[in-house]
Amino acid sequence: MSKGDFHKVDSSTNFLLLQKNSSRQTCGNCLRLFGNCDDDKASFIRCDCGDIFCRRDCAPHAMRELGWHSILCSNRSEPMLEFYEYCRRSSESFTFAAKVLAQLLSAMSECETSVSKIQLSWSEQFDPRHKWSELAARANWECTDFYEFVRRACILEHQIADAWDLLKAHLNNRFDLETKTRFAELLDFEMYADIVASIQRFAVAIGTEKTTIPPTRQSPSQNGDTHPALAHYGSKFDIHPKVSYHCAIMNKLPDYCGFLLAPILTKFQHSCNPSVQVEANSTLSQVKYGYIALREIDQMEPISLTTIPLHSSVSARDASLLRQLGKVCVCSRCSWEREDFGRVSPEQMKQLALQAQEEGRYSEAELLFHCTLLHNPHDTDVLHAYGVTLLSQGKWKLAHSIWQLAFKVDKAHLWLSKQFNKDVSYAAYLCRKCPEYYVSFQTISIDEIYLTTNSAISPSACSSWIKTAEAHATNRGGWDTDRHKSVATTDLPIHEIPSVLREWNLIFGQIIGPFIQERFRVDGDTNLRVHDAFIVKYDASDGQCQLPVHTDQGHFSITLSLNDPIQYKGGGTIFPEHEFIVRPKCGDFVAFRSYLTHGGVPITSGVRYIVVAFLYLS
Ligand SMILES: O=C(O)CCC(=O)C(=O)O
Ligand SMILES: [Fe+2]
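Throughout this description, residue numbers start from 1 for each chain and increase along the sequence as written. For this description, chains carry letters from A and ligands carry numbers from 1, given in the order in which they are written. Predicted model: local features are reported for residues with pLDDT of at least 70 only, side-chain atom pairs are reported and counted for 80 or more only, and whole-chain, interface and lining totals are derived from all residues. Heavy atoms throughout the structure, all of them, feed into the side-chain values; hydrogens and water do not.

- Per an unreviewed UniProt entry, the protein goes by the name Protein Lysyl hydroxylase fusion protein, putative and belongs to Ostreococcus lucimarinus.
- According to the UniProt record, the Cofactor (unreviewed entry) comment for the protein is "L-ascorbate". UniProt positions are given in the numbering used here, feature names are shortened, and annotations may be inferred rather than shown by experiment.

## Focus on the overall build of the protein
Inference 1: Each helix and strand counted, the protein has 22 helices and 24 strands in total.
Inference 2: Each residue gets one of three labels from its accessible area relative to the maximum for its type: buried under 20%, exposed over 50%, partly exposed in between, using a 1.4 Å probe on protein chains only. Going through the 618 residues of the protein one by one, you find that 54% of them count as buried.
Inference 3: Whether two residues are in contact is decided by their heavy atoms: any pair within 4.5 Å suffices. When contacts within the protein are restricted to residue pairs at least 6 apart in sequence, those whose partners lie at least 24 apart make up 72%.
Inference 4: The accessible surface values rely on the Shrake-Rupley method and a 1.4 Å probe; as for residues, cover is taken only from the protein chains in view. About 27,900 Å² of surface is accessible on the protein, with carbon and sulfur atoms providing 52% of the total. Helix numbers and strand numbers start at the N terminus; a helix is a DSSP run of H or I with at least 4 residues, a strand a run of E with at least 2.

## Details of the packing of aromatic side chains
Inference 1: Any pair of Phe, Tyr and Trp rings, taking the six-membered ring for Trp, is counted once the centres come within 6.5 Å. Such a pair is stacked with planes under 30 degrees apart, edge-to-face with planes over 60 apart, and tilted for the rest. If you walk through the whole model with that rule in mind, you get 19 aromatic pairs.
Inference 2: Measuring from ring centre to ring centre gives 5.4 Å for Phe-175 and Phe-183, while their planes differ by 80 degrees; the resulting arrangement is edge-to-face. Across the pair, Phe-183 and Phe-175 agree in class, each one buried.
Inference 3: For the ring pair Trp-403 and Trp-415, a centre distance of 4.9 Å and an interplane angle of 70 degrees mean the geometry is edge-to-face.

## A look at the coordination of the iron ion (ligand 2)
Inference 1: Protein coordination at the iron ion (ligand 2) comes from His-550 (NE2), Asp-552 (OD), Asp-552 (OD) and His-598 (NE2), with a distance range of 2.1 to 2.7 Å.
Inference 2: One can describe the site at the iron ion (ligand 2) as irregular: its 6 donor atoms subtend angles covering 51 to 175 degrees at the metal.
Inference 3: Coordination shells were defined by N, O and S atoms within 2.8 Å of each metal, extended to 3.2 Å for Na, K and Ca; water is absent from the atom set, which can make sites look incomplete. In the primary sequence, the donor residues of the iron ion (ligand 2) line up as H-x1-D-x45-H. The residues His-550 and Asp-552 share a single accessibility class, namely buried. Think of it this way: with four donors and all angles in the 85 to 135 degree range, the site is tetrahedral; with four or six donors, opposite ones beyond 155 degrees and the rest between 65 and 115, it is square planar or octahedral; otherwise it is irregular.

## Looking at the pairing of strand β16 (residues 527-539)
Inference 1: Of all 13 residues that make up β16, 11 are buried, and the element is covered over most of its length.
Inference 2: By definition, two strands form a pair when at least two bridges between them are found by DSSP. Here strand β12 (residues 429-430) runs beside β16; their pairing, made up of 2 bridges, is antiparallel. Bridge assignment links Tyr-429 to a residue of β16, and that residue is Leu-528.
Inference 3: As judged from the 3 bridges shared by strand β15 (residues 491-493) and β16, these two strands associate in the antiparallel manner. Residue pairing for β16: Asp-491 is matched across the bridge by Val-536.

## Observations concerning the nonpolar core
Inference 1: Definition used in this section: a nonpolar core is a set of buried Ala, Val, Leu, Ile, Met, Phe, Trp, Tyr and Cys residues joined via side-chain atoms within 4.5 Å. Residues Phe-83, Phe-94, Trp-122, Leu-167, Tyr-192, Ile-195 and Ile-199 are the most contacted members of the largest nonpolar core, which totals 57 residues.
Inference 2: No other element matches the 10 residues that helix α5 (residues 92-110) contributes to this core.
Inference 3: Those residues in contact with Leu-167 that sit more than four places away from it in its chain are Leu-72, Met-80, Phe-83, Ala-98, Leu-101 and Tyr-192.
Inference 4: With 43 residues, the next largest nonpolar core counts Tyr-429, Val-439, Leu-562 and Cys-586 among its residues.

## Re empty space enclosed by the protein
Over the atoms rolls a probe the size of a water molecule, and in doing so it shows where empty space is left.
Inference 1: Site definitions follow a grid-based scheme: protein atoms alone, a 1 Å grid, a 1.4 Å probe that fits but cannot get out for cavities, and for pockets an open set with protein on both sides within 12 Å along at least five of seven lines, plus lining residues having an atom within 4 Å of a point. Grid points are joined across faces, edges and corners, and a volume is the space filled by probe spheres set on the points. Evaluated as defined, the whole model comprises 3 cavities of 30 Å³ or more.
Inference 2: Reported here for the largest cavity is a volume of approximately 110 Å³.
Inference 3: Around the largest cavity, the lining comprises 17 residues; the ones closest to its centre are Tyr-538, Leu-547, Thr-559, His-598 and Val-612.
Inference 4: Those elements that provide at least two residues to the lining of the largest cavity are β16, β17 (547-550), β23 (598-600) and β24 (603-617).
Inference 5: Amino acids outside the nonpolar list (Ala, Val, Leu, Ile, Met, Phe, Trp, Tyr, Cys, Pro) and the charged list (Asp, Glu, Lys, Arg) are all regarded as polar, and Gly is one of them. Its residues assigned to classes, the lining of the largest cavity comprises 7 nonpolar, 7 polar and 3 charged.

## Some words on the sheet that holds strand β20 (residues 573-575)
Inference 1: One open sheet holds the 4 strands; their spatial order is β17-β23-β20-β21, and the pairing between them is antiparallel. In this open sheet, the two edge strands, each paired with only one partner strand, are β17 and β21 (580-582). Each adjacent strand pair in this sheet contributes to an overall mean axis angle of 20 degrees, direction not counted. Helix axes are fitted only over the stretch in contact, all axes being lines through C-alpha atoms; the angle between N-to-C directions runs from 0 to 180 degrees.

## Regarding the side chain of Thr-526
Inference 1: Following the sequence through the fold, Thr-526 ends up in the loop between α22 (498-519) and β16.
Inference 2: Look at Thr-526 and you get buried, because its relative accessible area is 19%.
Inference 3: For this analysis, a polar contact is any N or O atom pair within 3.5 Å, provided that within protein one partner can donate a hydrogen and the other can accept it, and provided that sequence-adjacent residues contribute only side-chain to side-chain pairs. A distance of 3.0 Å separates a polar atom in the side chain of Thr-526 from the backbone oxygen of Asp-523.
Inference 4: Not counting residues up to four positions away in its chain, the partners in contact with Thr-526 are Tyr-429, Leu-430, Cys-431, Leu-617 and Ser-618.

## Quick look at the pairing of β24
Inference 1: Two strands pair when backbone bridges link them, and β16 and β24 are joined in this way by 11 bridges, in the antiparallel orientation. Across the sheet, Asp-539 pairs through a bridge with Val-607, a residue of β24.
Inference 2: Across 6 bridges, strand β18 (residues 556-561) lies against β24 in antiparallel orientation. Counterpart to Ser-557 in the pairing with β24 is Phe-614.
Inference 3: Pairing analysis gives 3 bridges linking strand β19 (residues 568-570) to β24, with the strands arranged antiparallel. Across the sheet, residue Gly-570 finds its bridge partner in β24, namely Ile-603.

## Thoughts on the pattern of salt bridges
Inference 1: We define a salt bridge as a side-chain nitrogen of Lys or Arg found within 4 Å of a carboxyl oxygen belonging to Asp or Glu. All told, the structure shown has 19 salt bridges when counted by the stated rule.
Inference 2: Here Lys-422 and Asp-532 are joined by a salt bridge, their closest N and O atoms 3.3 Å apart. Highlighted residues: Lys-422 in helix α20 (residues 414-425) and Asp-532 in strand β16, separated in sequence by 110 residues. Per residue, the accessibility class of Lys-422 equals that of Asp-532, and both read buried.
Inference 3: Connected through shared salt-bridge partners, Glu-85, Arg-88 and Arg-89 make up one network.

## Section: the environment of Trp-465
Inference 1: Relative to the helices and strands, Trp-465 resides in helix α21 (residues 459-476).
Inference 2: In this structure, the C-alpha to C-alpha distance between Trp-465 and Val-611, residues 146 residues apart in sequence, is 9.8 Å.
Inference 3: In this structure Trp-465 touches Val-500, Glu-503, Trp-504, Ile-507, Ile-535, Leu-562 and Val-611, once residues within four positions along its chain are discounted.

Structural data, given as structure tokens:
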């Protein structure tokens, strides 16, 4: 499989289970999250018990006469209320298992599948050799006393028997005689205990939301094609209240909403350097899922996924795995972190570095790339990735020099040659002892946000830049929309438009450079360089009209208006933490430190053109 390939898995035995304590409005069947807007409110239906379902797809499926939710609904059922309360106090695995059982019963009521076929397929898929009570006792086992372990397992055995009694009492009331007879073999303690054990062993936490940290603007080629949900899938948690998986998840994952139980999870081995991650499609009433390759996977290489959260140290991961699977991991990442370096080949080091980079563990990635380069100093792909990791840590100067060095090694490298051309296109500004500039300005905030006020660039130059950019866009078949990954603008890089580049370099040397040096107190003899500079087009009627809140890549950023705010409605650069929107007039710019959170306010009519530049000191 190549990196990013998605492999769909066909299986009828997949279950999505909503985390019951989830306070948000989530469909109990497909886990879709509903917002507060009127459209969302109209698209779900609330059962009297409080659970909600998508009105169109999931409600007819789950709430029909023998739908899984109707089978388990606590409304007007004393035993069911007691069951849920008991599970809350003992183990949530019992609730999840009841849902799985109800889904099996519901599927049976719809087709002619025999009970024995369902039982057989369950044991083939989930291999229920392990007793839940022992699995759960091990999951909570911090002491080494075997008798204590056995004592706990006995208590847990009583718990599952009590839970089953309550559930069975409800199901006995719920079904008529004919249905009971038909389902008899499934309404069996052994089957229920097998389901609980499968959940304990194999269910993985899944989430649907992205992180709330403001993204950084990065170009796609710098970061590879990271899958957006990387951190959110494929982590497994002990489903037992004594192991605080709420805390485990809340601390380590940005957000999540439930669990997936699927046969494929039983087939792949765990690795702390996994080759795939599981993805579930939660928009349909039926669960569809598959796995996505996180890197190139050789045909002979066994596929692996993670069954624990990966953001912890090797000792914490060892402890989780021991509790979960009764063994420790010997993957290359664990060997590296245990400082057993002899077991890690240079190729594995490279892979670990790339993994660390994708997961945002940049200092670890830097060290790994460094060691990889000791073995092979001329690997230009590694040099490229090494630069990206340095850049992500704000080491702009070092990153650019590594790329320049790498370009000298391989002048045919596509990305490196593009970067080289860009670097040599932009003039550097050499900071002086006493910079001179004639721009008047206003201070917007004590956090050093400055707005120029006397048209740093003439309005006629601005309109000629717009005309040239539009002509350039027409010639090349349109504006660029994918130069930046997480926060994309509709833009054109300045270094690709020669006449604009010439004028930019003049203005940068005469106005912008001295202004930045003076306002931000940059030492003399330091070079101020351009990491990226581009013309952005916001169009209210077509394409992009706003930019989400983010931080930039550089030491300083500027946003320069190429047309006047009267030519559009809305717009401007917003600094949400300062509760301020800055709207420079044509030819003026706002300058700030790139780490300040900011965004582009939506325009509601007209077109807004700006120049954005990210600058760094070298
Ligand atoms: O629209 C704006 O004023 C902000 C643009 C910006 O922050 C960017 O392109 O990085
Ligand atoms: Fe920005």
